Amino acid sequence: MTERWRTVAAATGLAAPDGTTRPTIFAEMSALAARTGAANLGQGFPDADGPEWIREAAVAAIRSGANQYPPGRGIPELRAAIARHQQRHYGLELDPDTEVLVTAGATEALATAVLALAGPGDEVVTLEPFFDSHAANIAMAGATHVTVPLVPGPDGFRVDLEALERAVSPRTRLILLNTPHNPTGAVLSADELAAIARAAVAADAIVLSDEVYEHLTFDGATHVPIATLPGMRERTLTVSSAGKTFSLTGWKIGWISGPAELIEAVLAIKQFTTFVGGAPFQPAVARALDEGDPDVAALRDDLDARRAFLVDGLRRVGFDAVVPSGTYFVCADATALLGSHADGAAFARALPEAAGVATVPLSAFCVPGSPTALALAPWLRFTFVKDRATLETAVERLVASSASR
């Protein structure tokens, strides 16, 4: 194993003692679910495809000849639709020719941005827990990963603002933000966003904001892009995608927007990764962004009902479940079930066989062995993006397993 890959594997918890590479926790738990017939509430992808009219628009694009390389920045229609979306929802004005770049999903947008803008000697600050690719991207860039805890409390997971102040320094090149937040379901508050903005300005850092769950918020929570805050547009790159908004995760159509000089830097890396992709999906996503607001509202309402069902079911079993303000996920503390020294990772690996339900330990989204990982060791993440029958099966099995203990 090369030294760089050792660094990446260590950062993501994938380095096995024998030098081989472990599968990700998502792959591991999905394989366990398949082997045991467990209801899979681990990996966050929808059971149902997105709206039929959007899928038919892609079919029409294939039939009309949109099957070769699209322009490197993305087709003009999609870039213009992204700019209109940002203006309509958030009042952000973008030049679609210079300030918008279409990518192979949000994953590529984030990876190429980190590779373009950070390197050895730089620090990249994230919240912790964090989506696993964030740590891998930082390690691949050779930068240093610095984390700020999200702490569970009566109003959900909240940013430790004192830790934020300590974490951001003159060495900070990037603050990699994620709101609505995977895995905790937190939607960052105005005060939290303002504190992050102040820290970024003080350190002259760039903010890379992962906003893929921007439209999936509940209970009146409002997503506010940090680029809309005073002094932040010129130092913020905003990332989103069609995958979560329209339940089309396999299309891998994402985008990144922001100041032209930063987009140029990302494009310089992106053109040597995937180059381009998703030619027939791009015109379909352009239409979806312009015409799909009613579909997004219907999805949000449906997810809201499934979220309430899962939270109630987990609490009936004995979990201390935090009600998420956004995303696909509920995080739940198993301490009451397992005791004060609960090992959530071991519990998650045992559940498919013992109860017929697959989930993911929250510690998998932390730096291995960090204080946050230890504090969240008893916690599990469950997804409610599955169909109602799967959720009902999972809750029934958990209730039955709990009653038999």
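Just so it is clear, the structure is predicted and the values come from calculations on it, not from any experiment.

Parameters and conventions
Chains are numbered independently. Their residues run from 1 in the order of the written sequence. Per-residue local features are limited, in this predicted model, to residues with pLDDT of at least 70; the limit for side-chain atom pairs, both in listing and counting, is 80 or more; totals at the level of whole chains, interfaces and linings are taken over all residues. Side-chain metrics rest on all non-hydrogen atoms present in the structure, leaving aside hydrogens and water. A run of DSSP states H or I qualifies as a helix once it reaches four residues; a run of E qualifies as a strand once it reaches two. Both are numbered from the N-terminal end. What the globule rule says is 2.2 Å times the number of residues to the power 0.38, and the radius of gyration is computed from C-alpha atoms. For every residue, the accessible area (1.4 Å probe, protein chains only) is compared with the maximum for its type, and the residue is labelled buried under 20%, exposed over 50%, or partly exposed between those bounds. Residues count as neighbours in contact if any of their non-hydrogen atoms are within 4.5 Å of one another. Each accessible area is a Shrake-Rupley estimate made with a 1.4 Å probe; only the visible protein chains count as cover when residues are assessed. When charges are counted, neither His nor the chain ends are considered; positive counts come from Lys and Arg and negative counts from Asp and Glu. Working definition for charges: the position is that of NZ of Lys, CZ of Arg, CG of Asp or CD of Glu. A 3.5 Å cut-off defines polar contacts: any pair of N or O atoms within that distance qualifies, except that in protein one atom must be a possible hydrogen donor and the other a possible acceptor, and neighbouring residues in sequence count only when both atoms are side-chain atoms. DSSP bridges decide pairing: two strands pair if at least two such bridges lie between them. Here the aromatic set is Phe, Tyr and Trp, taking the six-membered ring for Trp, and pairing holds for ring centres within 6.5 Å; pairs whose planes are under 30 degrees apart are stacked, those over 60 apart are edge-to-face, and all others are tilted. Here, a charge over a ring means that NZ of Lys or CZ of Arg falls within 6 Å of the ring centre while also lying within 35 degrees of the ring normal. Multiplying 1.5 Å by the helix residue count minus one yields the expected span of that helix. Every angle, taken between N-to-C directions, lies between 0 and 180 degrees, and every axis is a line fitted to C-alpha atoms, over only the stretch in contact when it is a helix. For classification, angles of less than 35 degrees are called roughly parallel, those exceeding 145 degrees roughly antiparallel, those between 65 and 115 degrees roughly perpendicular, and all remaining angles oblique. What makes a crossing left-handed is the near helix being turned counterclockwise from the far one by less than a right angle; a clockwise turn instead makes it right-handed. All residues other than Ala, Val, Leu, Ile, Met, Phe, Trp, Tyr, Cys, Pro, Asp, Glu, Lys and Arg, Gly among them, are scored as polar; the first ten of these are nonpolar and the last four charged. UniProt positions are given in the numbering used here, feature names are shortened, and annotations may be inferred rather than shown by experiment. Basic side-chain nitrogens of Lys or Arg form a salt bridge, by our definition, when they fall within 4 Å of a carboxyl oxygen of Asp or Glu.

Undergrad: So what exactly am I meant to see when it comes to the overall build of the chain here?
TA: Along its length, the chain carries 16 helices and 14 strands. In terms of overall dimensions, the chain is globule-like: its C-alpha atoms have a radius of gyration of 21 Å, near the 22 Å expected for 405 residues. Counting only C-alpha atoms and orienting by the principal axes, one finds that the chain spans roughly 60 × 50 × 45 Å. The burial tally for the chain puts 55% of its 405 residues in the buried class. Pairs at least 24 residues apart make up 74% of the contacts formed inside the chain by residues separated by at least 6 positions. About 16,100 Å² of surface is accessible on the chain, with carbon and sulfur atoms providing 54% of the total. Distance between charge centres in the chain, computed from 32 positive and 46 negative side chains, equals 4 Å.

Undergrad: Mind showing me how you'd approach unusual backbone geometry here?
TA: Both trends apply: most residues other than glycine have a negative phi, and most peptide bonds are in trans. Here the residue pair Glu128 and Pro129 is connected by a cis peptide bond, since its omega of 10° sits within 30 degrees of zero. The step from Asn182 to Pro183 runs through a cis peptide bond, and the omega angle for that step is 20°. Note that Pro183 resides in the loop between strand E6 (172-178) and helix H8 (190-203). For Ser247, which is not glycine, the phi dihedral falls at a positive 55°. Following the sequence through the fold, Ser247 ends up in the loop between helix H9 (242-245) and strand E9 (253-257). Classification of Ser247 as buried rests on a relative accessible area of 13%. The phi dihedral of Thr327 falls on the positive side, at around 75°, and the residue is not glycine.

Undergrad: Sorry if this is basic, but what is going on with the side chain of Lys386 here?
TA: Note that Lys386 resides in the loop between strand E14 (379-383) and helix H16 (388-403). By relative accessible area, Lys386 is classed as buried at 2%. Among the polar contacts made by the side chain of Lys386, one reaches the main-chain carbonyl oxygen of Gln43 at a distance of 3.4 Å. Contacts of Lys386, omitting those with residues within four sequence positions, involve Asn40, Leu41, Gln43, Phe45, Asp47, Arg306 and Leu391.

Undergrad: Would you explain the sheet that holds strand E11 (residues 329-333) in this entry?
TA: Strand pairing in a sheet relies on backbone hydrogen bonds, with the paired strands running either antiparallel or parallel. Reading across the sheet, the 4 strands line up as E10-E11-E14-E13 and stay open at both edges, with antiparallel pairing between neighbours. Two strands lie at the open edges of the sheet, namely strand E10 (320-322) and strand E13 (360-361), each paired on one side alone. One ladder, built from 5 bridges, connects E11 with E14; its direction is antiparallel. Looking across to E14, one finds that Val330 is bridged to Phe382.

Undergrad: I'm lost on the packing of aromatic side chains in this one. Help?
TA: Within a pair of aromatic rings, the relevant descriptors are the distance that separates the centres and the angle that separates the planes. For the structure shown, the criterion picks out 10 aromatic pairs. With a centroid separation of 5.4 Å and an interplanar angle of 70°, the aromatic rings of Phe157 and Trp379 are classed as edge-to-face. Taken together, the positions of Phe157 in strand E5 (residues 156-159) and Trp379 in strand E14 put the pair 222 residues apart, joining distant regions of the chain. For the pair Phe157 and Trp379, one class covers both residues: buried. Grouping aromatic residues by their ring pairs yields a cluster made of Tyr213, Tyr328 and Phe329. Over the ring of Phe45 we find Lys386, and its NZ or CZ is 3.4 Å from the ring centre.

Undergrad: Looking at this structure, I do not really get the pairing of strand E4 (residues 144-153). What am I missing?
TA: On any regular strand, side chains alternate: one points to one face of the sheet, the next to the other face. Direction of pairing for strand E3 (residues 123-128) relative to E4: parallel, over a ladder of 6 bridges. Bridged to Leu127 within E4 is Val148. Relative to E5, E4 is paired through 4 bridges, and the arrangement is antiparallel. Looking at the pairing, Val151 lines up with Arg158 of E5.

Undergrad: Teacher, can you tell me more about helix H2 (residues 25-36) here?
TA: The periodicity of an α-helix, 3.6 residues per turn, causes residues three or four positions apart to be oriented the same way. Taking 1.5 Å of rise per residue, 12 residues should cover 16 Å, and H2 covers 16 Å from first to last C-alpha, within 8% of that figure. Buried residues in H2 make contact with strand E1 (39-40), helix H6 (132-141), helix H14 (344-355), strand E12 (357-358), E13 and E14. Remark: Gly37 follows H2 within two positions and exhibits a positive phi of approximately 75°.

Undergrad: Explanation requested: the packing of helix H5 (residues 105-117) against H6 in the structure shown.
TA: A packed helix pair is summarised by two numbers, namely the angle formed by the two axes and the spacing between the axes. Following both chains from N to C, one finds H5 and H6 inclined at 30°, their axes separated by 9 Å at the closest point. With respect to H6, the element H5 is oriented roughly parallel. With respect to the hand of their crossing, H5 and H6 are arranged in right-handed fashion. Residues Leu110, Ala111, Val114 and Leu115 of H5 touch H6, and the partners they reach there are His134, Asn137, Ile138, Met140 and Ala141. Tallied by class, the residues present in the contact of H5 with H6 amount to 7 nonpolar, 2 polar and no charged.

Undergrad: Hey, could you run me through the UniProt feature "domain: Aminotransferase class I/classII large" (unreviewed entry) in the chain in this one?
TA: As annotated in UniProt, the feature "domain: Aminotransferase class I/classII large" (unreviewed entry) corresponds to residues 40-398 in the numbering used here. Secondary structure across residues 40-398 divides into 43% helix and 18% strand, with the first and last C-alpha atoms of the span separated by 12 Å.

Undergrad: It is not clear to me how the pattern of salt bridges should be interpreted in this structure. Could you clarify?
TA: Two side chains of opposite charge can pair, provided their charged atoms sit close to one another. If you walk through the whole model with that rule in mind, you get 17 salt bridges. Across the pair Asp293 and Arg88 runs a salt bridge whose closest N-O atoms are separated by 3.5 Å. Separated by 205 residues along the polypeptide, Asp293 in helix H12 (residues 293-317) and Arg88 in helix H4 (residues 76-90) bring together distant segments of the chain. Taking the shortest distance from any N to any O, the salt bridge between Glu392 and Arg388 comes out at 3.3 Å.

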